[in-house]
Structures are given as structure tokens and as C-alpha cells.
Amino acid sequence: MKACKQFRAGKQTNIKDADAEQKPLSSGDKLKDREQVAALAVEIAVLQEMLYAAQEHKVLVVLQGTDTSGKDGTVKGVFNLINPQGIQIANFKAPSTIERAHDYLWRVHQQVPQQGEIVVFNRSHYEDVLITRVHDWIDEDECERRYAQIRDFERMLAETGTTIIKCLLHISKDEQRNRLQERIDDPAKHWKFDMQDLEERKSWDKYQVLFGKAIDATDADHAPWYVIPANSKTHRNLAIASILLETLTDLKLKPPPAKPELKGLKIE
């Protein structure tokens, strides 16, 4: 079964801790799995070069998940061989004063890919229907309006040539505890730790429900959601690399046509 089908969100998404442990693509050997990720990264880099050369397609990869779910690790593990000219990483943190003065999609629209480019959203516009709802900064009616606006936004992107891949990196609450504790115990990783992470952790169950609601409200064939079991960092990368490679392959990318004026040209 293709990874795109295997990890595609269902019609009623129920985010359960137990599912985060699944490793359906694993060989059972972590070293072999890492080698497979590396091999997929090479293939992705080759297709990305054709994407960049042809300047016909645009690809947007959305990485969403709780703190420590592995968004940064995915970028390092899956996209590390891509030519920097053809990829951009957009990190969405708390909005600035200028960003707050605009509509919530304003800053997002500025970061979408141009022709020939892959853009990875490390967090995304979905924060505006997740953390805002967890803390009751918006009510249910406003959340529903935003779901509709996001659907329209993503449909517009798709209709103007953007291929969209949305991934929820799903870890369990126990796994998050372990990863946060690791950051606390290792002084070299203190820079990764934020006390606010502990505050957000108190709303774990609410986040899981809202992840499911957001996915159900915005999943579409032109903007599909994939739920990635991410307790295993290696398997997480294997799953996302497989989905990305399948998606790029389906675009039937090829180099731009040869230039007739160069035929037979000899350099003196």
C-alpha cells in the first residue's frame, strides 16, 4: 500500500496516544530504516531539481504537531539533500505587532511557494484554529468561520498550481514527557526548552480533540491530511519522505525541453 493512502486521515479523525507507536513502514531494523530514509532523500533531491528547473509546479508541505513532535527533526532528516535554492522553511511563531494588525492569513500567504519551489511550514495557519481555541481566544463560531476560510485559502492555492501535503506529527503524551525531560536534563539542549511548553501540555487532551476537528474540517483531495505516527523519529522521517516522494512522482516531473540554439554548439 502506498504511504499516501496508508497515512491519509480518515473521515472521523480520532487522535489516540496508542497510534503514535505504530511503525507500519519499519523493517524492524533502525539502521536499515535510516538507510532507507537517506535513499529516499536522494530521490527527493533529484525530483526537486527537476521541479526547480521546469518552474511549472509549487509544493507546500505543512508540518503540524505538539511541542517536541519533531518538526525540526523532519526538516533535517527529509529535506537535508535538497538544493537550498529550491526550498524555503517558514517558521510560524507568535504573531508580531504588524502581523496582528492584519488578518491571520496575511503572514501565511506571504510564505507560500513560488514556481519551482518547495516550502515547508514549521507550524502553520492551523495554529489559528488550535492554540486560539484551546485558550478560548476565539469562540466556536469564529473557529468554524476560520475552517471555511482555510478551506477557501487552500483551494485557491491548489487551483493556482500548488500541491499541498499536510502532516500531523502524532506523538503520545508519555513520549512528549520523555522528550521534554531530555531537554531539561541535558544543558546543551536547554535552548530548546520553553516553560510555556509545560503550560500547553496541561491542555493535552483538548489539543488532541482539536487536531481531529481541524483535520476533519479541512481535509480534501487537493489539500490532504496525513496522520504520521511519530514516537519513532526514524519512522516519522520514513513516512513523510515516502509521502513526499510519491507526491512528487505523481507530478510526472521532467527537465525543461532542450534549447534548439544550443544544438551542435562547441565551446572554443
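Rules and cut-offs
Residues numbered from 1 in each chain as written. Predicted model: local features only at pLDDT ≥ 70, side-chain atom pairs only at ≥ 80, totals over all residues. Heavy atoms only, no water. Salt bridge = Lys/Arg side-chain N within 4 Å of Asp/Glu carboxyl O. Helix = DSSP H or I, 4+ residues; strand = E, 2+ residues; numbered from the N terminus. Buried < 20%, exposed > 50% of the residue type's maximum accessible area, 1.4 Å probe, protein only. Phe/Tyr/Trp six-rings, centres within 6.5 Å; stacked < 30°, edge-to-face > 60°. Lys NZ or Arg CZ within 6 Å of the ring centre and 35° of its normal. Pairing = 2+ DSSP bridges. Axes fitted to C-alpha atoms, helices over the stretch in contact; angles between N-to-C directions. UniProt positions renumbered as here; feature names shortened; annotations may be inferred. Expected span 1.5 Å × (residues − 1). Parallel < 35°, antiparallel > 145°, perpendicular 65-115°, else oblique. Left-handed = near helix turned anticlockwise from the far one by under 90°. Contact = heavy atoms within 4.5 Å. 1 Å grid on protein atoms, 1.4 Å probe; cavity = no way out; pocket = protein on both sides within 12 Å on 5 of 7 lines; lining within 4 Å. Points joined across faces, edges and corners; volume = space filled by probe spheres on them. Nonpolar A, V, L, I, M, F, W, Y, C, P; charged D, E, K, R; others polar.

Visitor: Explain the pattern of salt bridges residue by residue, including any values.
Guide: Opposite charge on two side chains permits pairing when their charged atoms draw close. Using the criterion set out here, one finds 19 salt bridges in the structure. For D221, the salt bridge identified is with R8, shortest N-O distance 3.2 Å. Linking D221 in the loop between α10 (204–218) and β5 (225–229) with R8 in the loop between α1 (3–6) and α2 (30–54), this pair joins segments that are 213 residues apart in sequence. We note a salt bridge from D136 to K206, for which the minimum N-O separation is 3.8 Å. Here D136 is found in the loop between α6 (131–134) and α7 (140–159), whereas its partner K206 is found in helix α10, with 70 residues between them in sequence. Assessed through its relative accessible area of 34%, K206 is described here as partly exposed.

Visitor: Run through the packing of aromatic side chains, naming residues and quoting values.
Guide: A full pass over the atoms with the stated rule returns 3 aromatic pairs. Plain terms: the ring middles of Y207 and F211 are 6.2 Å apart, the flat faces sit at 35° to each other, and that makes the pair tilted. Within this pair, Y207 and its partner F211 are both found in helix α10, separated by 4 residues, close to a single helical turn. The exposure class of Y207 is buried, given its relative accessible area of 10%. Classification of F211 as buried rests on a relative accessible area of 6%. Its end group placed over the ring of Y104, R146 keeps NZ or CZ at 4.5 Å from the ring centre.

Visitor: Explain unusual backbone geometry residue by residue, including any values.
Guide: One non-glycine residue, Q55, lies in positive phi territory at about 55°. Checked against the element boundaries, Q55 lands in the loop between α2 and β1 (58–65). The exposure class of Q55 is partly exposed, given its relative accessible area of 37%. Despite not being glycine, K252 has its phi angle at roughly 50°, a positive value. By the element assignment, K252 lies in the segment after α11 (233–250). Judged by its relative accessible area of 66%, K252 falls in the exposed class.

Visitor: Go over the sheet that holds strand β2 (residues 87–91), please, and point to the residues and values.
Guide: Ordered by their spatial adjacency, 5 strands build an open sheet running β2-β3-β1-β4-β5, and the pairing between neighbours is parallel. Two strands in the sheet have a free side with no partner beyond their single neighbour: β2 and β5. Across the sheet, the mean angle separating the axes of adjacent strands is 20° when strand polarity is ignored. Where β1 and strand β4 (residues 162–170) come together, 8 bridges link them in parallel fashion. Bridging across to β4, K58 finds its partner in T162.

Visitor: Which residues make up the UniProt feature "domain: Polyphosphate kinase-2-related" (unreviewed entry) in the protein chain, and what are the values?
Guide: Feature annotation in UniProt places "domain: Polyphosphate kinase-2-related" (unreviewed entry) on residues 30–250, given in this structure's numbering. Between the end C-alpha atoms of residues 30–250 the distance is 28 Å, and the span holds 53% helix and 14% strand.

Visitor: So what's going on with α11? Which residues, and what values?
Guide: Helix length check: α11, at 18 residues, gives a terminal C-alpha distance of 26 Å against a target of 26 Å (1.5 Å per residue), a fit within 8%. Most of α11 sits out of view: 15 of its 18 residues are buried.

Visitor: Explain the pairing of β4 residue by residue, including any values.
Guide: The buried count for β4 comes to 9 of 9 residues, which makes it a mostly enclosed element. What you see with β4 is no split at all: T162, I164, K166, L168 and H170 on one side and T163, I165, C167 and L169 on the other are buried throughout. Pairing of β4 with β5, which is carried by 5 bridges, proceeds in the parallel orientation. Its bridge partner being in β5, C167 is matched across the sheet by Y226.

Visitor: Help me get a handle on the packing of α7 against α10, residues and values and all.
Guide: At a closest axis distance of 9 Å, the pairing of α7 and α10 adopts a crossing angle of 50°. As the angle between them shows, α7 and α10 are arranged oblique. Relative to α10, α7 is oriented so that their crossing is right-handed. Across from Y147, I150, R151 and E154 in α7, the residues of α10 making contact are L210, K213, A214, A217 and T218.

Visitor: Run through the layout of surface pockets, naming residues and quoting values.
Guide: Each pocket or cavity is described by its volume, and for the largest pocket that value is around 1500 Å³. Every residue lining the largest pocket is counted, 48 residues in all, and those nearest its centre are D67, K71, K93, R123 and D197. Elements that contribute at least two residues to the lining of the largest pocket include exactly β1, α3 (71–78), α4 (97–100), α6, α8 (173–185), α9 (195–201), α10 and α11. Among the residues making up the lining of the largest pocket, the classes are represented as 11 nonpolar, 13 polar and 24 charged. If you add up the space inside the second largest pocket, you get close to 250 Å³. Lining the second largest pocket are 16 residues; nearest its centre among them are F7, R8, N14, D19 and V227. Top contributing element to the lining of the second largest pocket by residue count: β5, with 3 residues. Taken together, the residues that form the lining of the second largest pocket break down as 6 nonpolar, 7 polar and 3 charged.

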